[in-house]
Amino acid sequence: MKRKLTMFLALFFIGIGLAVAQTQVRGTVVDETGEPVIGATIQVKGTSQGAISDIDGNFNLSAPASGTLVISYVGYQTQEVPVSAIVNITLITDAALLEELIVTGYGTFRKSSFTGSASTMTSKIVQDAPISNVQSMMAGAIAGVKVSANAGQPGGFTSMRIRGSGSLSANNNPLYVIDGVPMFQKDISEFTYAQSGTDPMALINPSDIEDITVVKDAAAASLYGSRAANGVVLITTKRGRAGKPVVNLKADWGTSDFAIDWRPTLNGDSRRALLKHGFENYFVAQGDDLATASTKAENNLNSATWSQFVNKPANGWVNWKDLLLRDASRSNYELSVRGGDQKTTYFVSLGYLDNEGVSIQSNLKRYSGRVGIVHNSDRWTIDANAAIGKTIQDRSNEGTSYASPIMTVYGIGSSPAYNPFNEDGSYATGGYPLNPSSATNPLSSAEYNFNNANLFRSTSAAKLGYRLWDNLVLSQRISYDVLNNKEIVWWDSRSGDGLNYNGLNQTIMSEYETLGTQTQLTYNKTLNNLHSFDALAAFETEETKYSYIYAMGYDFPNVRLREIASAAERDAETSKEKTRLMSFLGRLNYTYADKYYLSANFRNDGTSRLSSDSRWGAFWSGSGAWRFSNEEFFAPLRDVVSDAKIRFSYGTNGNLPNGWYAYQGVYGFTYKYAGSVGSSEESIQNNALRWEKNEVTNLGLDVSLLNNRLNVTLDLYNRNTKDLLYEVPISQTTGFSTAWSNIASINNKGIELDVKGNIISRSDFNWTASFNMAYNKNKVKKIGTSGDPVITGVSIMEVGKPLYSIYVYEYAGVDPETGKESFYTNQEGKEREITTTIAEAEKKNMGSVTPDITGGITNSLNYKGLDFSFVFTYSLGGQVYDYATWMQANGGTYQYRSNVPSYYKIDDMWKQPGDNAKLPAFVYGNVNTVSSRWLYSTNHLRLKNITLGYSLPKQWLSNVGIGRVRAYVSGSNLLTFKKKGLYLDPETPIDGQVTFQTPPLKTIACGIEIEF
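Only a predicted model underlies this, so the values are computations on that prediction, with no experimental measurement involved.

Chemist: Before we go on, may I ask you to explain the overall build of the protein chain in this structure?
Modeler: Helix and strand counts for the protein chain come out as eleven helices and 50 strands. Computed over its C-alpha atoms, the radius of gyration of the protein chain comes to 33 Å, within 12% of the 31 Å expected for a compact globule of 1012 residues. Oriented by its inertia axes, the alpha-carbon framework of the protein chain measures out at about 140 × 70 × 65 Å. The 1012 residues of the protein chain split such that 52% are buried. Residue pairs at least 24 apart in sequence account for 69% of intrachain contacts in the protein chain once pairs closer than 6 positions are excluded. If you sum the accessible surface of the protein chain, you get close to 44600 Å²; carbon and sulfur atoms cover 56% of it. In the protein chain, 93 positive and 96 negative side-chain charges are present, and the distance between their average locations comes to 6 Å.

Chemist: Looking at this structure, I do not really get the confidence of the model for the protein chain. What am I missing?
Modeler: Close inspection of predicted coordinates is inappropriate in any region flagged by low pLDDT. For the protein chain, the mean per-residue pLDDT works out to 89, and 95% of the residues sit at or above 70. Residue range residues 8–20 is modelled with pLDDT below 50. Its contacts to residues more than four positions away, or to other chains, number zero contacts.

Chemist: I tried to follow the sheet that holds strand E3 (residues 50–52) on my own but got confused; where do I start?
Modeler: Adjacent strands of a sheet pair through backbone hydrogen bonds, lying either parallel or antiparallel. Pairing is antiparallel across the open sheet formed by four strands, whose spatial order is E3-E2-E5-E6. Both outer strands of the open sheet, E3 and strand E6 (79–82), are each paired with one neighbouring strand and no more. On average, each strand axis in the sheet is tilted by 20° relative to the strand beside it, whichever way the strands run. Sheet analysis places strand E5 (residues 68–72) next to E6, joined by four bridges and oriented antiparallel.

Chemist: Any chance you could explain the sheet that holds strand E39 (residues 811–814) here in plain terms?
Modeler: Taking strand neighbours across the sheet as the criterion, the three strands line up as E39-E40-E41 in an open arrangement whose pairing is antiparallel. Among the strands making up the open sheet, the edge pair consists of E39 and strand E41 (834–835). Sheet topology places strand E40 (residues 821–824) next to E41; two bridges connect them, and they run antiparallel. Paired with Phe-823 across the strands is Thr-835, a residue of E41.

Chemist: What should I look at first to understand the pairing of strand E34 (residues 738–761) in this one?
Modeler: Within a regular strand, the side chains alternate between the two sheet faces. The pairing of strand E33 (residues 710–729) with E34 spans 18 bridges and is classified as antiparallel. The residue of E34 that forms the bridge with Thr-713 is Asp-754. Alignment of E34 against strand E35 (residues 765–783), held across 17 bridges, turns out to be antiparallel. Among the inter-strand pairings, Ile-746 is bridged to a residue of E35, identified as Val-780. Taking the residues that link successive antiparallel strands as the turn, the E34-E35 hairpin has three residues.

Chemist: It is not clear to me how the pattern of salt bridges should be interpreted in this structure. Could you clarify?
Modeler: When their charged atoms lie close together, side chains carrying opposite charge are able to pair. Considering all chains together, one arrives at 41 salt bridges under this definition. Among the salt bridges present, the one from Glu-1011 reaches Arg-338, with a minimum N-O distance of 3.9 Å. Linking Glu-1011 in strand E50 (residues 1001–1011) with Arg-338 in strand E18 (residues 328–340), this pair joins segments that are 673 residues apart in sequence. Across the pair, Arg-338 and Glu-1011 agree in class, each one buried.

Chemist: I keep staring at helix H3 (residues 268–285) and nothing clicks. Help me out?
Modeler: Residues separated by three or four positions in an α-helix point in the same direction, a consequence of the helix having 3.6 residues per turn. Between the first and last C-alpha of H3 there are 26 Å, a value that for 18 residues agrees with the 26 Å anticipated at 1.5 Å per step. Here H3 has its buried residues at Gly-268, Arg-271, Arg-272, Leu-274, Leu-275, His-277, Gly-278, Phe-279, Glu-280, Asn-281 and Phe-283. Contacts from the buried residues of H3 go to helix H4 (290–301), helix H5 (307–310) and helix H10 (893–897). Measuring from the side-chain oxygen of the N-cap residue of H3 to the backbone nitrogen of Asp-269 gives 3.3 Å; that N-cap residue is Asn-267. Just downstream of H3, Gly-287 is the residue with a positive phi angle, here 110°.

Chemist: Sorry, what's going on with the side chain of Asn-742 here?
Modeler: By the secondary structure assignment, Asn-742 is in strand E34. Here Arg-690 takes part through its backbone oxygen, which lies 2.9 Å from a polar atom of the side chain of Asn-742. Engagement of the side chain of Asn-742 in a polar contact is seen with the backbone oxygen of Asp-723, the distance being 2.7 Å. Setting aside residues up to four positions removed in sequence, Asn-742 forms contacts with Ala-688, Leu-689, Arg-690, Trp-691, Asp-723, Leu-724 and Leu-725.

Chemist: How should the packing of aromatic side chains be read in this particular structure?
Modeler: Any aromatic ring pair is given by two values, namely how distant the centres are and how the planes are angled relative to each other. Using the criterion set out here, one finds 51 aromatic pairs in the structure. Look at Trp-490 and Phe-556: their rings are 5.1 Å apart centre to centre, the planes differ by 75°, and that puts the pair in the edge-to-face class. Of this pair, Trp-490 sits in strand E23 (residues 472–491) while Phe-556 sits in the loop between strand E25 (531–554) and strand E26 (569–592), and the two are 66 residues apart along the sequence. Taking the relative accessible area as the measure of exposure, Trp-490 reaches 1% and is therefore buried. One residue, Arg-263, lies across the ring of Trp-262, its end atom 5.3 Å from the ring centre. Just above the ring of Tyr-448 sits the side chain of Arg-494; from NZ or CZ to the centre is 3.7 Å.

Chemist: Would you mind showing me how to read the nonpolar core here?
Modeler: As a rule of thumb, nonpolar side chains are buried together in soluble globular proteins. Ranked by size, the top nonpolar core spans 74 residues in total, and within it Phe-258, Trp-262, Tyr-881 and Tyr-904 carry the most contacts. Within the second largest apolar cluster, 23 residues are counted, among which are Met-121, Tyr-176, Ile-178 and Ile-212.

Cut-offs used in this document
- Residues numbered from 1 in each chain as written.
- Predicted model: local features only at pLDDT ≥ 70, side-chain atom pairs only at ≥ 80, totals over all residues.
- Heavy atoms only, no water.
- Helix = DSSP H or I, 4+ residues; strand = E, 2+ residues; numbered from the N terminus.
- Rg over C-alpha atoms; globule rule 2.2 N^0.38 Å.
- Buried < 20%, exposed > 50% of the residue type's maximum accessible area, 1.4 Å probe, protein only.
- Contact = heavy atoms within 4.5 Å.
- Areas by Shrake-Rupley, 256 points an atom, 1.4 Å probe, with all protein chains shown as cover.
- Lys, Arg positive; Asp, Glu negative; His and termini not counted.
- Charge placed at Lys NZ, Arg CZ, Asp CG, Glu CD.
- pLDDT = per-residue confidence, 0-100.
- Pairing = 2+ DSSP bridges.
- Axes fitted to C-alpha atoms, helices over the stretch in contact; angles between N-to-C directions.
- Salt bridge = Lys/Arg side-chain N within 4 Å of Asp/Glu carboxyl O.
- Expected span 1.5 Å × (residues − 1).
- Polar contact = N/O pair within 3.5 Å; in protein donor to acceptor, adjacent residues only side chain to side chain.
- Phe/Tyr/Trp six-rings, centres within 6.5 Å; stacked < 30°, edge-to-face > 60°.
- Lys NZ or Arg CZ within 6 Å of the ring centre and 35° of its normal.
- Core = buried A, V, L, I, M, F, W, Y, C linked by side-chain atoms within 4.5 Å.

Next comes the structure, spelled out in structure tokens:
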């Protein structure tokens, strides 16, 4: 009995000891972004004790006080931590396990098995950048992609080129696909007074985007057939995640100005001294001595003809920049909610943006909303999303419009001597530099006139999938996209534009409707862990309708009655158009032993834009890859080279004509004959019109080094685009002088390099970086039947030369004896001669404006609560042409009435024979000459985006129910490193010609983000 009691007491105290040694552990497992990790395994090392994190990432278990917890989850690095009462774990992404995925729109593939050329970016690196459109997110992030805005006004159209330009007249922009649905995309502005245009993509809130994939070759793009000749941009929006509802509030406020010191001008005193110098040179050339010339020059400046343009007003020199431009403000507010359970997830967002332009007439307001729901059951999948957006875009005139505030401030629309106000404070109505007798006043025009575009877009799509059996899935998608645009241009009777009309109202209401359907069958199967098959067959339809109503009225009773119903004179017209596309497509992928990959795609498109003779276009691609790192002979190198694959693809895709009825002989009924209604043929029938066809060859290499810490992708491509649409001369006996025909071709070839590195990956410090570079060589191979160059202004399209080339006289510097501009004669077969007589010179193709090399550098660093990221973009080999010819006359009449660029420095000018001067003599009465003097290199490096943020420690917030509080400051286009003499922005329009478009802006913004 005594022995049993002793054993019982021993066991009792041992039990107490074990109980005392056990600790109840509570904790949370989150990822690097603070999101809960559901299903993470928490194991007590060396025991069978463990737990699984719940839907909120929480766990609870009992563990020995001196024990160790092992936390693991697929795609993340396993961590070990000592046992304590509260354990909060942040799992770090394991680059070796979490492989990059390529989303093609017709399936998602591991990058290691993808046989085509595509680049993917997440939105995280630019999620806080003060940008307002989707295209700007890609600048510098993806090799081979060039983003170029028509102008810097908010909401303006943004062009994109992927691997160069491949069309002369059809669309050169890529196809945009959002959540699997192709989007209607073009500059929908009906008026051209503002060169910025209107971009439907500006309706999308960049914060709603999760990631972007750019498909460049035909291996995946051929599945999009007739719309994929210029590449495909696949956008995936944010989705819900299983867990309790997470509410995110975000706001930022900022200010914008020109990114560089753009077109600096002389101040009033310096300008007057220069203009006097020009008069002096003029009179000296007439035979006067310098003293007499100086007296005559001063008299001229004080004369009734010139004093109003050159002499200081009574109230001082006028600063037109302060009158017409501003430091533009920006405010942005966003709300999103996401959540769900293991079967159903949801995401909802709302956004409001108020973004001023630098012109007092320019502004963009955007209202956006998006909702997405995904439901998965044993056999059914439902994926539905809808988005609405509304923008109110106020636009100012640009280019060489007399009402352009940019031209007024920096060009020929004003001068420091031109006072826009009368003594009583009213607007002056005379003395406008371009027409001194007119009533035009740039400031009154800016106040009274307006150019407004109200854009509304609603997109919705639903996809229903049903798993017929384990590996066979049937799905049906339907999508609807409606785009309404209302544009109003008002020219007030108090402005120069509207004076002769006694007020003019032009209104256009247009609508685009696109209905799309897709029926898709997919099948995948793996046999013996060696053979994998993936097959797809689909049928698609798309119908787009366009209609517009245009109304115009003028001669209004007063300036307050602006509706066309009040106009004494009115006119109107309406129109409707429709285009359809029907497609059959299929894909087959085969993989053997995860080493050898083959893929074949086919698509057959039928379009209403072409006649029945050439309506159907077949597009296809074949591609393959060899993952040689999985071969046995490669085993000794795997410690250094983790993964390596070589790819090859060849295929075709196409481009549709811009005109929906381009092939048809269309009649118009706006004519009268003998007093009765008549008709007349407006276009000539051409049943032979066909698709523009793109043939792309791509050779690629993917290498991962040091356990996937460094990833390198290299691509070489050759892109031939043939059967390009071109307007050729025809016999005028047909009643027309030109007609469209497929008789031109272009070639683009190049190299792309993309390097991504996971430099440091620790629990409290992460550093990732990437570098990309793209070289593209563009060449016109064929133009029409004759091959003759096509010259338009200072542009030339010439066989054997790049598409966007400049055709001007070749500048040879300043003639030391006369001080005049000199030019090369460029006569073939003779030695190069120099002349100051322009009639003896010949124009020459001075080369392309398109850069040879473009790229970007990206870095992202996180240290505890701090985060820092930046993106640099760079460009080499490009040129920009200053086409503001009125400012380039070295003493022309307009310079005596308007602003004068600051590069006209008297100290740099020729003054007497023998001078080796930088600038020609400035002489009143000179005329301008288009020459390579005004062609500048755009080589540059730009800090495109930068963000610095700080998140409060989570333990400070947990007690008040807040998951995250983060403050940040961000900027775009803050620094630009370029050649000193370049006074234009190095980011130019596609054609490389600049007059007075609003240049790119730099923006600084501060923001805050709260999540609970």
